Amino acid sequence: IAQNTNKYVFCLDGDGASIMHLGNFSSTGQSNAENFIHFLINNAAHDSVGGQPTCASLIDLPSIAKACGYASTETTSNIAEIPTYIKKFKNEKGPHLLEIMVSKGSRGDLGRPTTTPAQNKKVLMDKFS
């Protein structure tokens, strides 16, 4: 992170992974990475591997991040608010965490990916740069 101070670093994370790797909160929080924005997608489940519940509905992950040194944390369930939070975070020193509350499950007609990870990265970077 510290080597990329002229660029923003976006981390896309799930609640299950965050809980399993809580040490990442302390490493990130203590890094003083002013350019780091952590998106935590919280559906209170390990949805990608069978939908087993996590304890994310019982604990306050943003408070844990804040206690570990994140400069700010926010929570939303409104997708339309995400660009507003990104702009806010870019105007303040980080690291920042945005917890995005979502429902468990996926659309029944959700197909397999048709684009590469590199193409997805470019679309995401173009949208939020």
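Here we summarise the structure given alongside this text. (Residues numbered from 1 in each chain as written. Predicted model: local features only at pLDDT ≥ 70, side-chain atom pairs only at ≥ 80, totals over all residues. Heavy atoms only, no water.)

## Things to note about unusual backbone geometry
Here's step 1: Cis geometry is found at the peptide bond from Gly94 to Pro95, where omega equals 10°.
Here's step 2: By the element assignment, Pro95 lies in the loop between helix 4 (82–90) and strand 6 (96–101).
Here's step 3: The phi dihedral of Asn32 falls on the positive side, at around 55°, and the residue is not glycine.
Here's step 4: With respect to the helices and strands, Asn32 occurs in the loop between helix 2 (23–31) and strand 2 (36–42).
Here's step 5: For Asn32, a relative accessible area of 58% corresponds to the exposed category.
Here's step 6: The phi dihedral of Ala44 is positive, around 60°, even though this residue is not glycine.
Here's step 7: Within the secondary structure, Ala44 is located in the loop between strand 2 and strand 3 (45–46). (Helix = DSSP H or I, 4+ residues; strand = E, 2+ residues; numbered from the N terminus. Buried < 20%, exposed > 50% of the residue type's maximum accessible area, 1.4 Å probe, protein only.)

## Examining helix 2
Here's step 1: Of all the positions in helix 2, only Phe25, Thr28 and Gly29 are classed as buried. For helix 2, the angular spread of the buried residues around the axis is 100°, confining them to a single face. Exposed positions of helix 2 whose direction lies more than 90 degrees from the buried face are Ser27 and Gln30.
Here's step 2: Close packing links the buried residues of helix 2 with helix 1 (15–20), strand 2, helix 3 (61–67) and strand 6.
Here's step 3: Just downstream of helix 2, Asn32 is the residue with a positive phi angle, here 55°. (Arc of directions from axis to C-beta. Contact = heavy atoms within 4.5 Å.)

## A word on the packing of aromatic side chains
Here's step 1: Across all of its chains, the model carries 3 aromatic pairs by this definition.
Here's step 2: With a centroid separation of 5.8 Å and 15° between ring planes, the pair formed by Phe10 and Phe39 is classed as stacked. Taken as a pair, Phe10 in strand 1 (residues 9–14) and Phe39 in strand 2 lie far apart in primary sequence, 29 residues in all.
Here's step 3: Given a relative accessible area of 7%, Phe39 falls into the buried group.
Here's step 4: Its end group placed over the ring of Tyr8, Lys90 keeps NZ or CZ at 5.2 Å from the ring centre. (Phe/Tyr/Trp six-rings, centres within 6.5 Å; stacked < 30°, edge-to-face > 60°. Lys NZ or Arg CZ within 6 Å of the ring centre and 35° of its normal.)

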